[in-house]
Amino acid sequence: MLKGSPASVGIGIGKAVIIKQQQVVAPKMIVTNKENEKNRFMRAAEYFCEQVMRASDAVGRTIGEDEATIIAAQSAIVSDPELWDEVFEIIDSESMCAEYAFDQVCEKYIHLFTSLEDELMRARSADFQDIKSRLLSIMLGIKTVELQNVPRGSVLVADDISPSQAVTLNPTKVSGIVTRMGTRFSHIALIARALRIPAVVAVEDVWDKVESGEKLIVDGDSGNVLISPSDEQLVRYKQYRRRKRVHQQKLLGYRDRETYTADGRRIGLSANLALLGNLSIVAEDNVDGIGLFRTEFLYMGRNSLPSEEEQFTAYRRVLQAMGGKPVVIRTLDVGGDKQVPALHFGKEENPIMGERAIRYCLNHEDLFKVQLTALLRASIYGNLMILLPMIATVSELRKAKVLIAEVKKELDIDGVPYNDDVQVGSMIETPAAAICADALAREVDFFSVGTSDLTQYTLAADRSNKAVAGMFNTMHPAVLRMIKCAIDGARKSDIPAWICGEAAADLRMIPLLVGLGAEGLSVSISSVLAVRELLSRVDYSFWRGQIDRVLELETAAEVYTFVKANLPQQASQ
Amino acid sequence: MQSRQFTVRNPWGVHLRPAYVLANHMRGFESKTDIVLDSGRYNAKSVLKILAACICPGNLIAMEISGPDEKEAMEEASRLFEVELEEK
């Protein structure tokens, strides 16, 4: 069995078809007719672009806009006047043939990118390699390896598959892809995912072990490749694949539905968002809104602070993209443990319990007000809910609300419109907040329970510390009682309490959260459908009736046993 | 001449797609459009040159635009840098 990196999920079974790149060597010939050489180059470049643009259209239809643009970008490079200038310069000054001149220019850029430290940038050299061999092949009249003609049930095995090759891929014939090189973000990985062909990359020893025609199982979930599998292995993988397919189909059926428990209780289901790029995906699964939009990305990986304008643009985009659906945007939640060069955190012994999140913001009012101003300005573009992180006391909440009121006054003076009814909520992730939730609930419009941090602080165990990581368990009765405190506190003031930590997507925790009375769950985009499907099999009245009994259990293990025994049967696995 | 600075967050500078998008948009203007870094000036209408600039995340880059439609071109460049290109 070979080990690689999973690049595209699924199980592919087929026969190995070896794809070897042809080495194209540029001849080094002195020429006398320079004009002719330039014309030859221009004609080859035009032919290249024609081919590529045709492929780009086809790719755009099957694979998608992004991949098609990459192919089109290759064409743009080949038709770039700057490139032609460099090629012609060599033809003129060295009296060399067009192939040599072009080869030299490509090598210059290939060398430029491979010498860079960043892995992502080195990948650009592969693009130039691809352009080089393809254009040289055209000029020299060499046929390139075409993937359209592989037999059905082929597993392609190659060092790498270039974008211009990948566009000729026929998905009905290719069961799987295995490459020696590459990462999850290589072109071939992106294309494999778009075409839903299982793929494993970075299989270093592939050429030692795999021969043409051998039967292979490509496990794109784990990154394993089985060579000449036994009948028993074949049967097992085929069953696994069938179960997965059935389950995926079933989940797709939940796309347009609303979220209800088995006995008809409506549960809110929203998506968590960390980057703007995933916005379009959110729209597909009929979520109730965005339950947690993390704003840290605006501050991280840069030396300067994000301006009010920059933040405003980002917040407005999210709000507009979600139409009138609620968007919960959490204010800056970072601390000394994160790499944020733009902010200045003092050296702390204990950053997890230090000046972070709301505490940092309340100590740096100017910074905080910039974010609040941007949020309020954006509030007229949609349904904004402002969420304050790591609240431990009512005083902190009141201070934050005072700042919000100040910002509103300033906007009034400047005549800048905002939504005065913007909802403000508190995260419940500290034990203090959970225990005194009834007091906090009187100050805000909603709660969002951060189960991961709440678990950490309640059990006083740092999950990144190997010595105690085993103690970290949201199912522990202590944590469950904390969550109950939070939800009961919310109920006293008739405000909603949502769960936004990892537990919200944990299929074993969900029945408990439902039983505790959570109004809604906010989960990662990839979990939305699975959570909706599970909720449809969870009986609210049952779990509501049993929750007090569960809270009397003494260990996390006992809770788990109870849940497992009463969990509605899993659809797959 | 218009000049403005931008901080690049995502590694769009060395992705083919954003380089292509930027070059395409800048080609629509008459003005000369350049990305200016310590390492030199790079023609922002050329995919090749944008890539050759090897722009990394966190870089502060300057756009210099001069010509009859320089104002519109800078508006467009700003929009691309601050919004569209930051998409993954």
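In this numbering scheme, every chain counts its residues from 1 along its sequence in written order. Think of it this way: whatever chain is written first is A, whatever ligand is written first is 1, and the rest follow in order. Given that the model is predicted, a residue must reach a pLDDT of at least 70 before its local features are reported, and side-chain atom pairs must reach 80 or more before they are shown or counted; all residues, however, enter totals for whole chains, interfaces and linings.

Asker: What am I meant to see in the overall build of chain A here?
Answerer: Per the convention used, a helix needs a DSSP run of H or I reaching at least four residues, while a strand needs a run of E reaching at least two, with both numbered from the N terminus. In terms of helices and strands, chain A carries 22 helices and 16 strands. Burial analysis of chain A (573 residues in total) assigns 42% to the buried set. C-beta atoms are placed from the backbone for every residue, and two residues are taken to be in contact when these atoms lie within 7 Å. Of the contacts formed within chain A by residues at least 6 apart in sequence, a portion of 68% connects residues at least 24 apart. Put simply, a residue is buried when 20 or more other C-beta atoms lie within 10 Å of its own C-beta and exposed when 12 or fewer do; between those, it is partly exposed, and each C-beta is set from the backbone.

Asker: Any chance you could explain the environment of Met63 of chain B here in plain terms?
Answerer: Note on placement: Met63 of chain B falls in strand 4 (residues 60-66). Those residues in contact with Met63 of chain B that lie beyond four places of it in its chain are Ser3, Arg4, Phe6, Thr33, Ile35, Ala44, Met74 and Ala77 of chain B.

Asker: Would you mind showing me how to read the sheet that holds strand 4 (residues 154-158) of chain A here?
Answerer: Residues and elements named next belong to chain A. Pairing between two strands is assigned when DSSP locates at least 2 bridges connecting them. In spatial order, the strands read 1-8-7-3-4-5-6-2; together these eight strands make up an open sheet with mixed pairing. Edge positions in the open sheet fall to strand 1 (2-3) and strand 2 (5-8), since each of these has one partner strand only. Bridging between strand 4 and strand 5 (residues 174-179) involves five bridges; their strand directions are parallel. The residue of strand 5 that forms the bridge with Leu156 is Ile177. A fitted line through C-alpha atoms represents every axis, and for helices the fit uses only the stretch in contact; the resulting angles, taken between N-to-C directions, go from 0 to 180 degrees. The sheet strands contacting helix 7 (residues 187-194) are strand 2, strand 5 and strand 6 (199-201), and the helix crosses strand 2 at an angle near 50°. Most of the contacts of helix 9 (residues 231-252) go to strand 3 (residues 11-19), to which it runs at about 115°, and overall it touches strand 3, strand 7 (215-219) and strand 8 (224-227).

Asker: Looking at this model, I keep getting lost on the nonpolar core. Mind explaining?
Answerer: One recurring pattern in soluble globular proteins: nonpolar side chains tend to sit buried together. By convention in this section, buried Ala, Val, Leu, Ile, Met, Phe, Trp, Tyr and Cys residues joined through C-beta atoms within 7 Å make up a nonpolar core. Residues Ile290, Val327, Phe447, Val449, Ala486, Leu513 and Leu521 of chain A are the most contacted members of the largest nonpolar core, which totals 94 residues. Phe447 of chain A has contacts with Gly425, Ser426, Ile428, Ala441, Ala486, Ala490, Ile495, Ala497 and Trp498 of chain A, leaving out every residue within four places of it along the chain. Among the nonpolar cores identified, the runner-up in size contains 57 residues, and Ala44 and Val87 of chain A together with Ala52 and Leu80 of chain B belong to it.

Asker: What's the story with the environment of Ser154 of chain A in this structure? I'm lost.
Answerer: On the secondary structure map, Ser154 of chain A appears in strand 4. A sequence separation of 21 residues divides Ser154 of chain A from Ser175 of chain A, and the C-alpha atoms of the two residues are 5.6 Å apart.

Asker: It is not clear to me how the sheet that holds strand 10 (residues 290-294) of chain A should be interpreted in this structure. Could you clarify?
Answerer: Within a beta sheet, neighbouring strands are joined by backbone hydrogen bonds and run either parallel or antiparallel to one another. Residue and element names in this part refer to chain A. The eight strands lie next to each other as 9-10-11-12-13-14-15-16, forming a closed barrel whose pairing is parallel. The mean inter-strand angle of the sheet, taken between neighbouring strand axes irrespective of direction, is 30°. As judged from the five bridges shared by strand 11 (residues 326-330) and strand 12 (residues 383-388), these two strands associate in the parallel manner. Residue pairing for strand 12: Val328 is matched across the bridge by Met385. Packing of helix 18 (residues 477-492) onto the sheet brings it into contact with strand 13 (423-428), strand 14 (446-449) and strand 15 (497-499), and relative to strand 14 it is tilted by some 170°.

Asker: What am I meant to see in the pairing of strand 4 of chain B here?
Answerer: Side chains on a regular strand alternate between the two faces of the sheet. Residue and element names in this part refer to chain B. Where strand 1 (residues 2-7) and strand 4 come together, six bridges link them in antiparallel fashion. The residue of strand 4 that forms the bridge with Arg4 is Met63. As defined by bridge partners, strand 2 (residues 32-37) adjoins strand 4 across five bridges and the pair is classed as antiparallel. The residue of strand 4 that forms the bridge with Thr33 is Ile65.

Asker: How should helix 3 (residues 81-94) of chain A be read in this particular structure?
Answerer: The periodicity of an α-helix, 3.6 residues per turn, causes residues three or four places apart in sequence to face the same way. All names here are of chain A. Helices are assigned an expected span. That span is 1.5 Å times one less than the residue count. With 14 residues, helix 3 extends 20 Å from end C-alpha to end C-alpha; this agrees with the ideal 20 Å at 1.5 Å per step. By the burial criterion, the buried members of helix 3 are Leu83, Val87 and Ile91. Angular distribution of buried residues about the axis of helix 3 spans 70°; they occupy a single face of the element. In helix 3, those exposed residues whose orientation departs by more than 90 degrees from the buried face are Pro81, Asp85 and Ser93. Where helix 3 terminates, the next one or two residues include Ser95, which has phi positive at roughly 55°. The directions considered for the arc run from the helix axis to the C-beta atoms.

Asker: Would you mind going over unusual backbone geometry with me for this structure?
Answerer: Keep in mind that most residues, glycine aside, have a negative phi and that most peptide bonds are trans. Residues and elements named next belong to chain A. The phi dihedral of Ser95 is positive, around 55°, even though this residue is not glycine. By the element assignment, Ser95 lies in the loop between helix 3 and helix 4 (98-114). Its identity as a non-glycine residue notwithstanding, Ala357 has a phi of 50°, on the positive side. The residue Ala357 is located in helix 12 (residues 357-363) in this model.

Asker: Looking at this model, I keep getting lost on the packing of helix 13 (residues 365-378) of chain A against helix 14 (residues 394-414) of chain A. Mind explaining?
Answerer: For any two helices packed against each other, one specifies the inter-axial angle together with the distance between the axes. Residues and elements named next belong to chain A. Where helix 13 meets helix 14, the closest approach of the two axes is 10 Å, and the angle between their N-to-C directions is 60°. With respect to each other, helix 13 and helix 14 are oriented oblique. With respect to the hand of their crossing, helix 13 and helix 14 are arranged in right-handed fashion. For the pair helix 13 and helix 14, contact is made by Glu365, Phe368, Lys369, Leu372, Thr373 and Leu376 and by Leu403, Ile404, Val407, Lys408 and Leu411, respectively. Residues are sorted three ways: Asp, Glu, Lys and Arg are charged, Ala, Val, Leu, Ile, Met, Phe, Trp, Tyr, Cys and Pro are nonpolar, and all the rest, Gly among them, are polar. Class assignment of the residues belonging to the contact of helix 13 with helix 14 gives a composition of seven nonpolar, one polar and three charged. Oblique is the label for any angle not under 35 degrees, not over 145, and not in the 65 to 115 range, which are roughly parallel, roughly antiparallel and roughly perpendicular in turn. For any helix crossing, the convention is left-handed if the near helix is rotated counterclockwise from the far helix by under a right angle, and right-handed if that rotation is clockwise.

Asker: What is the right way to look at the pairing of strand 14 of chain A in this model?
Answerer: Residues and elements named next belong to chain A. Residues Phe446 and Ser448 point to one face of strand 14 and Phe447 and Val449 to the other, with burial holding for every one of them. The pairing of strand 13 with strand 14 spans four bridges and is classified as parallel. Residue pairing for strand 14: Gly425 is matched across the bridge by Phe446. Bridge analysis of strand 14 against strand 15 gives three bridges, and the strand direction is parallel. In the strand pairing of strand 15, Phe447 is matched with Ala497.

Asker: Looking at this structure, how should I read the packing of helix 11 (residues 308-321) of chain A against helix 13 of chain A?
Answerer: All names here are of chain A. Here helix 11 crosses helix 13 at 40°, and the two axes come no closer than 8 Å. When the axes of helix 11 and helix 13 are compared, the pair comes out oblique. For helix 11 against helix 13, the interelement crossing comes out right-handed. Here Glu308, Gln311, Phe312, Tyr315, Arg316 and Leu319 of helix 11 lie close against helix 13, whose contacting residues are Val370, Gln371, Thr373, Ala374, Leu375, Arg377 and Ala378. Taken together, the residues that form the contact of helix 11 with helix 13 break down as seven nonpolar, three polar and three charged.

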